[in-house]
Amino acid sequence: MSVYGYCRISTRKQSIERQIRNIKERYSNATIIEETYTGTKIVGREKWKNLLNKVKPDDIIVFDSVSRMSRDAEEGFELYERLFNKGVELVFLKEPHINTSTYREAVDNKLKVSVDTGDIATDELMDNIIQALNKYILSLAKTQIKLAFEQAEKEVKDLQQRTREGIETARLAGKQIGQKKGVTFETKKSKKSKEQIKKYSKDFMGSLNDIEVMKLVGISRNSYYKYKKELLSSDY
């Protein structure tokens, strides 16, 4: 049996540490899988797809909340049932009432009563009542699970709506939306990298070519040319 903790954030600006901490507090042996993905659909989440391909019956997947598994209600419930039928245990720390163990308990606790009164009509009536009660138990469990996914989807849509309204309000008030053209956000790391580029690049005060400077400073190609462009445009 393997235990996996799946953690997901929508942007790299968000912190994933809280999710990891919450999972590790309950499942210290969990293998943490981290993913950054924007969107509500499951398609496109490569690490999640890899996990689905290797997970086996009796394995456990732990989520900080149901929204980390899926923020699309229809897809989420369909995937939930598929993993449940495969024998994979799903744990939602913030919504324990929809853990697969709870759902399985509802399935296993179906009324198993055999009625034999000697009267065919009575026996058929009692069998129909028992079957109806069992269907109701499973329907109630499924409803709870669907509601959890629907709530996660609603929260995303509400947040998107509030964001759009906030941007529109700011626009109508004449406020600047986003970063002004030509303005760059500088961190300690970018500032240090720019100083080294000026010092070593032959385009400034040094004698090294672009590739040599990249290796020396230890930054990616994209970052290097971004910083170099900013230096040239500012007359450094």
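Residues numbered from 1 in each chain as written. Predicted model: local features only at pLDDT ≥ 70, side-chain atom pairs only at ≥ 80, totals over all residues. Heavy atoms only, no water.

**Here we look at the overall build of the protein chain**
- Looking only at helices and strands, the protein chain has nine helices and four strands in total.
- Going through the 236 residues of the protein chain one by one, you find that 35% of them count as buried.
- Contacts in the protein chain between residues far apart in sequence, at least 24 positions, make up 60% of those at least 6 positions apart.
- Accessible surface, the protein chain: about 15,500 Å² in total, of which carbon and sulfur atoms supply 51%. (Helix = DSSP H or I, 4+ residues; strand = E, 2+ residues; numbered from the N terminus. Buried < 20%, exposed > 50% of the residue type's maximum accessible area, 1.4 Å probe, protein only. Contact = heavy atoms within 4.5 Å. Areas by Shrake-Rupley, 256 points an atom, 1.4 Å probe, with all protein chains shown as cover.)

**Considerations on the environment of Lys-228**
- Along the chain, Lys-228 falls in helix H9 (residues 221-233).
- Along the sequence, Lys-228 and Lys-194 sit 34 residues apart, while their C-alpha atoms lie 7.3 Å from each other.
- Apart from the residues within four sequence positions on either side, Lys-228 is in contact with Asp-203, Phe-204 and Asp-210.

**With respect to the confidence of the model for the protein chain**
- Overall, the prediction assigns the protein chain a mean pLDDT of 78, with 71% of residues at 70 or greater.
- Per-element confidence in the protein chain is highest for strand S3 (residues 60-63), whose mean pLDDT is 96, and lowest for helix H6 (residues 120-172), whose mean pLDDT is 67. (pLDDT = per-residue confidence, 0-100.)

**A word on the packing of helix H8 (residues 210-217) against H9**
- Viewed as axis vectors pointing N to C, H8 and H9 meet at an angle of 110°, and their least axial separation amounts to 10 Å. Taken as axis vectors, H8 and H9 run roughly perpendicular relative to one another. On H9, the residues that touch Asp-210, Val-213 and Met-214 of H8 are Arg-221, Tyr-224, Tyr-225 and Lys-228.
- The residue makeup of the contact of H8 with H9, split by class, is four nonpolar, no polar and three charged. (Axes fitted to C-alpha atoms, helices over the stretch in contact; angles between N-to-C directions. Parallel < 35°, antiparallel > 145°, perpendicular 65-115°, else oblique. Nonpolar A, V, L, I, M, F, W, Y, C, P; charged D, E, K, R; others polar.)

**Let's talk about the nonpolar core**
- Counting residues in hydrophobic clusters, the biggest one holds 23 residues, and the most contacted among them are Trp-48, Ile-61, Phe-63, Met-69, Leu-83, Leu-90 and Phe-92.
- Of all the secondary-structure elements, those providing two or more residues to this core are strand S1 (3-9), helix H2 (46-54), S3, helix H3 (66-69), helix H4 (73-86), strand S4 (89-92) and H6.
- The biggest single contributor to this core is H4, with five residues. (Core = buried A, V, L, I, M, F, W, Y, C linked by side-chain atoms within 4.5 Å.)

**Observations concerning the packing of aromatic side chains**
- The tally for this structure, following the rule as stated, stands at six aromatic pairs.
- Both rings, one in Tyr-224 and one in Tyr-225, keep their centres 5.1 Å apart while their planes meet at 80°; by these two values the pair is edge-to-face.
- For Tyr-225, a relative accessible area of 30% translates into the label partly exposed.
- Put simply, the rings of Tyr-6, Trp-48, Phe-63, Tyr-80 and Phe-92 touch in pairs and so form one group of aromatic residues. (Phe/Tyr/Trp six-rings, centres within 6.5 Å; stacked < 30°, edge-to-face > 60°.)

**Notes on the sheet that holds S3**
- One open sheet accounts for four strands, arranged S2-S1-S3-S4; its pairing is parallel. Only two strands of the sheet have a single partner each, and these edge strands are strand S2 (31-36) and S4. Sheet twist, expressed as the average angle between the axes of neighbouring strands with direction ignored, equals 25°.
- Of the pairings in the sheet, the one linking S1 to S3 comprises four bridges and is parallel in character. Residue pairing across strands places Tyr-6 opposite Phe-63, the latter belonging to S3. (Pairing = 2+ DSSP bridges.)

**Quick word on unusual backbone geometry**
- We note that Asp-58 has phi near 80°; this positive angle belongs to a residue other than glycine.
- Summarising the element assignment, Asp-58 is placed in the loop between H2 and S3.
- Judged by its relative accessible area of 55%, Asp-58 is exposed.

**Quick notes on the side chain of Glu-35**
- Here Glu-35 shows up in strand S2.
- Within the buried set, Glu-35 has no salt-bridge partner at all; the shortest N-O distance to an opposite charge, 4.0 Å, is to Arg-45. (Lys, Arg positive; Asp, Glu negative; His and termini not counted. Salt bridge = Lys/Arg side-chain N within 4 Å of Asp/Glu carboxyl O.)

**Comments concerning the pattern of salt bridges**
- Summed over the entire model, instances satisfying the criterion amount to eight salt bridges.
- With its nearest N and O atoms 3.7 Å apart, the salt bridge here joins Lys-56 to Asp-59.
- Classification of Lys-56 by relative accessible area gives partly exposed; the value is 42%.
- Exposure remark for Asp-59: the relative accessible area of 1% places this residue in the buried category.
- For Asp-203, the salt bridge is made with Lys-228, and the minimal N-O distance between the two is 2.5 Å. With Asp-203 in the loop between helix H7 (188-200) and H8 and Lys-228 in helix H9, the pair connects residues that are 25 residues apart, well separated along the chain.
- Owing to a relative accessible area of 11%, Lys-228 belongs among the buried residues under this scheme.

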